[in-house]
Amino acid sequence: MRYALFFHSFIWSSLLYAQPSHHEVTISSGHFVLQGTTNLNTFECTLSQTLPGKPMVIKTTSETREIRFEGLELSYPVAEFDCGLEAMSQDLRKTLKSDTYPNLLLRINDIRIKNEHQEVAKLTVISSVSITLAGVSHHALVENGLVINHSEGALTLAGTQYLSMNDFNLEAPTKFFGMVKVNDELNVSFELRMEVKSLD
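Residues numbered from 1 in each chain as written. Predicted model: local features only at pLDDT ≥ 70, side-chain atom pairs only at ≥ 80, totals over all residues. Heavy atoms only, no water.

### Quick look at the layout of surface pockets
Keep this limit in mind: Computed over the protein atoms alone on a 1 Å grid, cavities are sets of points where a 1.4 Å probe fits but cannot get out and pockets are open sets with protein on both sides within 12 Å along at least five of seven lines; a residue lines them when it has an atom within 4 Å of a point. Grid points are joined across faces, edges and corners, and a volume is the space filled by probe spheres set on the points. A helix here means a DSSP run of H or I that spans at least four residues, while a strand means a run of E at least two residues long, and both kinds are numbered starting from the N terminus. Just so you know the grouping, Ala, Val, Leu, Ile, Met, Phe, Trp, Tyr, Cys and Pro go in nonpolar, Asp, Glu, Lys and Arg go in charged, and all remaining residues, Gly too, go in polar.
As a volume, the largest pocket reaches approximately 420 Å³. Along the wall of the largest pocket there are 22 residues; nearest its centre are Thr38, Met88, Asp91, Lys175 and Val182. Put simply, the parts of the chain that give the lining of the largest pocket at least two residues each are β2 (42–49), α2 (86–95), β10 (174–175) and β11 (180–198). By residue number, the principal contributor to the lining of the largest pocket is α2, which donates five residues. Its residues placed into classes, the lining of the largest pocket shows 15 nonpolar, five polar and two charged. Here the second largest pocket defines a volume of roughly 270 Å³. In terms of residue count, strand β5 (residues 73–77) provides more of the lining of the second largest pocket than any other element does, five residues in total. The class makeup of the residues in the lining of the second largest pocket is six nonpolar, four polar and three charged.

Here it is as C-alpha coordinates:
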(Lines give C-alpha, C1' and ligand atoms only; values in the text may rest on other atoms or scores of the structure.)
Protein backbone atom coordinates (compact mmCIF):
# COMPACT_ATOMS: atom_id res chain seq x y z
CA MET A 1 0.00 0.00 0.00
CA ARG A 2 2.98 2.29 0.42
CA TYR A 3 3.26 2.93 -3.31
CA ALA A 4 -0.29 4.27 -3.22
CA LEU A 5 1.10 7.46 -1.67
CA PHE A 6 3.04 8.42 -4.75
CA PHE A 7 1.42 11.27 -6.59
CA HIS A 8 -0.68 11.73 -3.44
CA SER A 9 -4.07 13.08 -4.56
CA PHE A 10 -3.08 12.66 -8.21
CA ILE A 11 -3.64 8.90 -8.21
CA TRP A 12 -4.76 7.98 -4.69
CA SER A 13 -8.31 7.05 -5.69
CA SER A 14 -7.29 5.14 -8.81
CA LEU A 15 -4.66 3.10 -6.96
CA LEU A 16 -7.00 2.23 -4.10
CA TYR A 17 -10.06 1.35 -6.13
CA ALA A 18 -8.70 0.73 -9.65
CA GLN A 19 -11.37 3.12 -10.97
CA PRO A 20 -10.75 5.88 -13.51
CA SER A 21 -10.29 9.30 -11.97
CA HIS A 22 -9.90 12.78 -13.43
CA HIS A 23 -7.41 15.49 -12.53
CA GLU A 24 -6.53 19.00 -13.63
CA VAL A 25 -2.80 19.17 -14.36
CA THR A 26 -0.82 22.37 -14.90
CA ILE A 27 2.84 22.28 -15.94
CA SER A 28 4.21 25.06 -13.73
CA SER A 29 7.75 24.81 -15.14
CA GLY A 30 9.59 22.59 -17.57
CA HIS A 31 13.06 21.90 -18.95
CA PHE A 32 13.77 19.98 -22.15
CA VAL A 33 17.28 19.15 -23.44
CA LEU A 34 18.56 17.68 -26.71
CA GLN A 35 22.18 16.49 -26.54
CA GLY A 36 24.15 15.20 -29.50
CA THR A 37 27.59 14.71 -30.94
CA THR A 38 29.46 15.43 -34.15
CA ASN A 39 32.66 13.91 -35.45
CA LEU A 40 34.47 16.82 -33.72
CA ASN A 41 32.58 17.72 -30.52
CA THR A 42 29.31 17.67 -28.59
CA PHE A 43 26.37 20.07 -28.54
CA GLU A 44 23.39 20.77 -26.31
CA CYS A 45 20.13 22.54 -27.09
CA THR A 46 17.77 23.52 -24.29
CA LEU A 47 14.25 24.81 -23.89
CA SER A 48 12.96 26.11 -20.56
CA GLN A 49 9.35 26.90 -19.71
CA THR A 50 9.09 29.40 -16.86
CA LEU A 51 5.41 30.36 -17.02
CA PRO A 52 2.55 27.99 -16.13
CA GLY A 53 1.04 26.22 -19.10
CA LYS A 54 -2.63 25.76 -19.90
CA PRO A 55 -4.38 23.38 -17.46
CA MET A 56 -5.16 19.92 -18.85
CA VAL A 57 -7.86 17.52 -17.75
CA ILE A 58 -6.51 13.97 -17.78
CA LYS A 59 -7.88 10.56 -16.86
CA THR A 60 -5.88 8.07 -14.81
CA THR A 61 -6.41 4.34 -14.28
CA SER A 62 -4.19 1.87 -12.48
CA GLU A 63 -3.30 -1.78 -12.09
CA THR A 64 -0.88 -3.01 -9.41
CA ARG A 65 2.01 -0.46 -9.55
CA GLU A 66 1.17 0.90 -13.02
CA ILE A 67 -0.72 4.13 -13.69
CA ARG A 68 -2.05 4.88 -17.17
CA PHE A 69 -2.82 8.38 -18.43
CA GLU A 70 -5.16 9.73 -21.08
CA GLY A 71 -4.62 13.30 -22.21
CA LEU A 72 -1.22 13.98 -20.62
CA GLU A 73 0.36 15.52 -23.73
CA LEU A 74 2.81 18.42 -23.70
CA SER A 75 3.85 20.70 -26.57
CA TYR A 76 7.25 22.39 -27.02
CA PRO A 77 7.93 25.04 -29.70
CA VAL A 78 10.99 23.88 -31.64
CA ALA A 79 11.91 27.48 -32.46
CA GLU A 80 12.61 28.15 -28.76
CA PHE A 81 15.39 25.57 -28.45
CA ASP A 82 18.66 27.38 -27.75
CA CYS A 83 21.88 25.67 -28.84
CA GLY A 84 24.19 28.42 -27.57
CA LEU A 85 24.99 29.81 -31.02
CA GLU A 86 22.28 31.23 -33.26
CA ALA A 87 23.70 29.43 -36.33
CA MET A 88 23.43 26.09 -34.51
CA SER A 89 19.91 26.92 -33.33
CA GLN A 90 18.91 27.69 -36.91
CA ASP A 91 20.46 24.40 -38.08
CA LEU A 92 18.44 22.52 -35.47
CA ARG A 93 15.19 24.21 -36.53
CA LYS A 94 15.92 23.37 -40.16
CA THR A 95 16.79 19.76 -39.33
CA LEU A 96 13.61 19.35 -37.28
CA LYS A 97 11.51 21.00 -40.03
CA SER A 98 10.16 23.63 -37.65
CA ASP A 99 8.60 25.70 -40.46
CA THR A 100 6.26 22.81 -41.26
CA TYR A 101 6.12 21.14 -37.83
CA PRO A 102 6.59 23.92 -35.24
CA ASN A 103 6.06 21.82 -32.10
CA LEU A 104 7.64 18.80 -30.46
CA LEU A 105 4.96 16.76 -28.65
CA LEU A 106 5.59 14.61 -25.59
CA ARG A 107 2.81 12.28 -24.48
CA ILE A 108 3.18 10.37 -21.22
CA ASN A 109 1.23 7.13 -21.59
CA ASP A 110 1.91 5.37 -18.30
CA ILE A 111 4.24 5.09 -15.34
CA ARG A 112 5.22 1.95 -13.44
CA ILE A 113 6.93 2.02 -10.07
CA LYS A 114 10.03 -0.16 -10.31
CA ASN A 115 10.06 -1.18 -6.64
CA GLU A 116 7.39 -0.43 -4.06
CA HIS A 117 9.96 -0.38 -1.24
CA GLN A 118 11.12 3.18 -1.95
CA GLU A 119 10.96 6.51 -0.23
CA VAL A 120 7.75 8.26 -1.24
CA ALA A 121 9.54 11.60 -1.70
CA LYS A 122 11.62 10.27 -4.62
CA LEU A 123 10.61 7.25 -6.71
CA THR A 124 12.35 5.48 -9.58
CA VAL A 125 9.87 4.60 -12.32
CA ILE A 126 9.61 3.19 -15.82
CA SER A 127 7.63 5.44 -18.13
CA SER A 128 6.11 4.79 -21.53
CA VAL A 129 6.15 7.94 -23.65
CA SER A 130 5.41 8.93 -27.22
CA ILE A 131 7.41 11.70 -28.91
CA THR A 132 6.19 13.40 -32.08
CA LEU A 133 8.87 15.28 -33.99
CA ALA A 134 8.75 16.59 -37.56
CA GLY A 135 5.32 14.99 -37.93
CA VAL A 136 6.48 11.48 -36.99
CA SER A 137 5.53 9.75 -33.71
CA HIS A 138 7.88 7.34 -31.95
CA HIS A 139 7.23 5.25 -28.85
CA ALA A 140 9.97 5.01 -26.22
CA LEU A 141 10.39 3.35 -22.82
CA VAL A 142 12.17 5.55 -20.27
CA GLU A 143 13.82 2.94 -18.04
CA ASN A 144 15.07 5.16 -15.19
CA GLY A 145 12.59 7.97 -14.74
CA LEU A 146 12.05 9.85 -11.48
CA VAL A 147 8.97 11.10 -9.69
CA ILE A 148 9.75 13.64 -6.96
CA ASN A 149 6.86 14.48 -4.63
CA HIS A 150 7.14 18.05 -3.31
CA SER A 151 3.74 18.24 -1.62
CA GLU A 152 0.25 16.77 -1.90
CA GLY A 153 -0.48 18.73 -5.06
CA ALA A 154 2.97 19.24 -6.61
CA LEU A 155 5.44 16.81 -8.16
CA THR A 156 8.29 16.67 -10.67
CA LEU A 157 8.57 14.02 -13.38
CA ALA A 158 11.99 13.60 -15.00
CA GLY A 159 13.53 11.19 -17.49
CA THR A 160 16.13 10.71 -20.20
CA GLN A 161 16.17 8.57 -23.33
CA TYR A 162 18.43 7.96 -26.33
CA LEU A 163 16.72 8.33 -29.70
CA SER A 164 17.80 8.09 -33.31
CA MET A 165 17.07 10.77 -35.90
CA ASN A 166 16.08 7.87 -38.15
CA ASP A 167 13.20 7.20 -35.74
CA PHE A 168 11.64 10.40 -37.08
CA ASN A 169 12.76 10.07 -40.71
CA LEU A 170 15.24 12.91 -40.18
CA GLU A 171 18.62 13.18 -41.86
CA ALA A 172 21.51 14.25 -39.64
CA PRO A 173 22.92 17.51 -41.07
CA THR A 174 26.39 17.91 -42.53
CA LYS A 175 28.12 21.27 -42.26
CA PHE A 176 31.28 22.88 -43.68
CA PHE A 177 31.39 20.90 -46.93
CA GLY A 178 31.07 17.58 -45.16
CA MET A 179 33.91 18.14 -42.65
CA VAL A 180 31.53 18.24 -39.64
CA LYS A 181 28.92 15.50 -39.46
CA VAL A 182 26.22 15.33 -36.81
CA ASN A 183 25.79 11.80 -35.47
CA ASP A 184 22.39 10.15 -35.67
CA GLU A 185 21.84 9.52 -31.95
CA LEU A 186 20.32 12.13 -29.62
CA ASN A 187 20.02 12.06 -25.85
CA VAL A 188 16.62 13.55 -24.97
CA SER A 189 15.88 14.54 -21.37
CA PHE A 190 12.98 16.32 -19.71
CA GLU A 191 12.04 17.62 -16.28
CA LEU A 192 8.46 18.74 -15.60
CA ARG A 193 7.01 20.23 -12.46
CA MET A 194 3.26 19.62 -12.22
CA GLU A 195 0.52 21.11 -10.06
CA VAL A 196 -2.38 18.69 -9.66
CA LYS A 197 -6.01 19.06 -8.55
CA SER A 198 -8.44 16.17 -8.20
CA LEU A 199 -11.74 16.65 -10.06
CA ASP A 200 -13.52 13.61 -8.60
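Read on for the rest.
### Comments concerning the packing of aromatic side chains
The following threshold applies: Side-chain rings of Phe, Tyr and Trp, where Trp is taken by its six-membered ring, are said to pair if the distance between their centres is within 6.5 Å; with planes under 30 degrees apart they count as stacked, over 60 as edge-to-face, and otherwise as tilted. Only protein chains enter the area calculation, which uses a 1.4 Å probe; residues under 20% of their type maximum are buried, those over 50% are exposed, and those in between are partly exposed.
According to the stated counting rule, one finds two aromatic pairs in the structure shown. Between Phe32 and Tyr76, the ring centres sit 4.7 Å apart and the planes meet at 50°, which makes this aromatic pair tilted. Separated by 44 residues along the polypeptide, Phe32 in strand β1 (residues 21–38) and Tyr76 in strand β5 bring together distant segments of the chain. Since its relative accessible area comes to 0%, Phe32 is described here as buried.

### Notes on the state of the cysteines
Rule in force here: When the sulfur atoms of two cysteines come within 2.5 Å, that pair is taken as a disulfide.
Evaluated as defined, the whole model comprises one disulfide. Across the disulfide from Cys45 sits Cys83; the S-S distance is 2.0 Å. Because the torsion about its S-S bond is 105°, the bridge between Cys45 and Cys83 counts as right-handed. Here Cys45, found in strand β2, pairs with Cys83, found in the loop between β5 and α2; they are 38 residues apart in sequence, far enough to count as distant. Judged by relative accessible area, Cys45 falls into the buried class, the value being 1%.

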